[in-house]
Amino acid sequence: MNASPSVPAGVRSPSAPRRPGRWRRLAAWFIVFAVLPLTATTCPLPRGLVVAPYLQRVGTHEATLLWETRHPGDSRVDFGPTAELGLTARVDEWAAIHEVRLTGLAPDSEVYYRVSSRTPLGEVESEILSFRTAPEDDRPFSFALVGDTQDQPEVWRRVARRIFAERPSFLVHAGDIVGHGPVKDEWTEEFFEPAGAMFSHLPFFAVIGNHEQDAGWFYRYLANPDPEYHYSFRWSSVEFFMLDTNRPIGPETPQYRWLDGALAASTARWKIACHHHPVWTSDDDDYGDTHRHPVPPGDPDARALIPLYEKHGVDLVFYGHVHGYERSRPIRGDHVDEDHGVVYLQSGGGGGRLDRVATSRRWHAAKIRCDHHFVMLDVQRDRIEIRAHDIEGRLFDQTSIEKAPPLARD
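Residues numbered from 1 in each chain as written. Predicted model: local features only at pLDDT ≥ 70, side-chain atom pairs only at ≥ 80, totals over all residues. Heavy atoms only, no water.

**Q** Any chance you could explain the packing of aromatic side chains here in plain terms?
**A** Summed over all chains, the structure comprises 30 aromatic pairs. Ring geometry for Phe170 against Phe240: centres 5.6 Å apart, planes inclined by 85°, an arrangement best described as edge-to-face. Remark: Phe240 occurs in strand β11 (residues 238–242) and Phe170 occurs in the loop between α2 (153–165) and β8 (171–173); sequence separation between them is 70 residues. Geometrically, the ring pair formed by Phe191 and Phe199 is tilted, given 5.4 Å between the ring centres and 45° between the ring planes. Since its relative accessible area comes to 0%, Phe191 is described here as buried. Of the residues examined, Phe199 reaches a relative accessible area of 1% and is grouped as buried. Through successive ring pairs, a cluster of aromatic residues spans Tyr54, Trp156, Trp187, Phe191, Phe192, Phe199, Phe204, Trp217 and Tyr221. (Phe/Tyr/Trp six-rings, centres within 6.5 Å; stacked < 30°, edge-to-face > 60°. Helix = DSSP H or I, 4+ residues; strand = E, 2+ residues; numbered from the N terminus. Buried < 20%, exposed > 50% of the residue type's maximum accessible area, 1.4 Å probe, protein only.)

Next comes the structure, spelled out in C-alpha cells:
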C-alpha cells in the first residue's frame, strides 16, 4: 500500500471524502448490523483447522466427533455436562482427519466439548461447543431433511442457515452431498464450510448419492457404522433405515435381505427409510422424456423396495436426486390408502440447480414445488407433522401423518 502524501495541519486534503455527520454514521452502522445476520453464516475457523468439529453417530449414550487439521496431529476431546468440561477422550495416533468416540453420556442431555490437536506447527484448538444426546424414551423431537446440496455452496449456505435457525435435533441428508465426490475441496469448502456452525452443534446422518461416485472421501468424512453405505439408527420412537440405491438393491441382493431382516426386527413405533433415488417423482426428464412418451413414475431399481416398505409398515420414505420437492399421497398397492399407505418425500433442493417438473400432474403427487428448500419433521407419539420451507424460510407445504393400527398379517 502506498503512503498518503502529507497534508498541513488543519487543511483537509482535496481528495479526502467529507466525514458523514453523526446521524449519517449511526444510520450506516444500523444498516451494517441489520444486514449482518442475513450475510454472516459461519465464524472464521481457528488457525490450523480445515474442517470445524462436527458430529456423527450421536445416540443416547455416545457420540462421534470429527475435525480436520492442516497438518497431522493427535486427537483430544475435553467434554462434560457443563462448560467446565472435566472429562477427556483422546486418540494418540496422528492423523489429519480426526475421529474420537465419546461414551458414557447421559441420554437427552447437553454435552459441552472442545477439540484440540498437537501438530508439528503447534496446538490447534476449537472454542467450547455443545450438542444434545438422543432421548431414551418416546419423547417428542424435531429433525430436518435436505438433499442434493452440491454445486452451489452459497445456496447451501442459505439453506443451512435456515435449517439451523429451526434448531432441529439432527439432519437427515438424502445424498449428492457434493457435485464431484473424488474432489476433496468440494467437501471442505462447498459442504462443510457453509454449514460449519450448524454441524458443530447437531449431527447429520447421510446416504450416498450418485455424485459421490463412491469416493473415499464419503467414507473418511462420515462415521457410519459398517458397512457404511447402509445402516440404521434409532432416535426416540423412530428407527431410520439408510440405504445405497447406487448399488444393487433388488430382491436377493445383500442390501434387500438386510433391510427385510432389519425392518422385521425393528421395535420402533415409526419406521422411516432414506435413499438417494426416487420411488415416485413428477420429474420431467430423468427417467425419459415426458413430452415424447410415457415414463416410469420413479427409479426402476429403487421401486424394487416398495414391497418391503408395504410389507413391514414403513411410514415415510425420503429421497432426493431430482432437484425439487414432492410429497406423495399415502400409497399402498399403487393406490391411495389414507390409513396404511406409505408417504414418499422427495427433497432434492439443498443446493443443486433445479430440475423441471412434467407438465401433466400424476395421481400420486400431493404437493410439488420447484425451489431450493428444506423439510422440518416434528415427531410425537401418534403423529408426525411435516413442514416444507423455501430458501427464504417461507412455509409452502404442511401436513401430518397419523399412526394407524398395524395391518393384520396373513
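On we go from here.
**Q** Sorry if this is basic, but what is going on with the environment of Ser400 here?
**A** Its place among the elements puts Ser400 in strand β21 (residues 395–402). Between the C-alpha atoms of Ser400 and Ile384, which are 16 residues apart in sequence, the distance is 5.5 Å.

**Q** What should I look at first to understand the pattern of salt bridges in this one?
**A** For side chains bearing opposite charge, pairing can occur when the charged atoms are close. All told, the structure shown has 27 salt bridges when counted by the stated rule. Two residues, Arg132 and Asp108, come together in a salt bridge whose shortest N-O distance is 3.1 Å. Residue Arg132 is located in strand β6 (residues 129–132), and its partner Asp108 is located in the loop between β3 (87–102) and β4 (110–119); the two are separated by 24 residues in the primary sequence. Where Asp138 meets Arg381, a salt bridge forms, and the shortest distance between an N and an O atom there is 3.8 Å. Of this pair, Asp138 sits in the loop between β6 and β7 (141–146) while Arg381 sits in the loop between β19 (373–379) and β20 (383–390), and the two are 243 residues apart along the sequence. Asp138 sits in the partly exposed class, given a relative accessible area of 39%. A network of salt bridges, in which partner residues are shared, links Asp108, Glu110, Arg132, Asp137 and Arg139. (Salt bridge = Lys/Arg side-chain N within 4 Å of Asp/Glu carboxyl O.)

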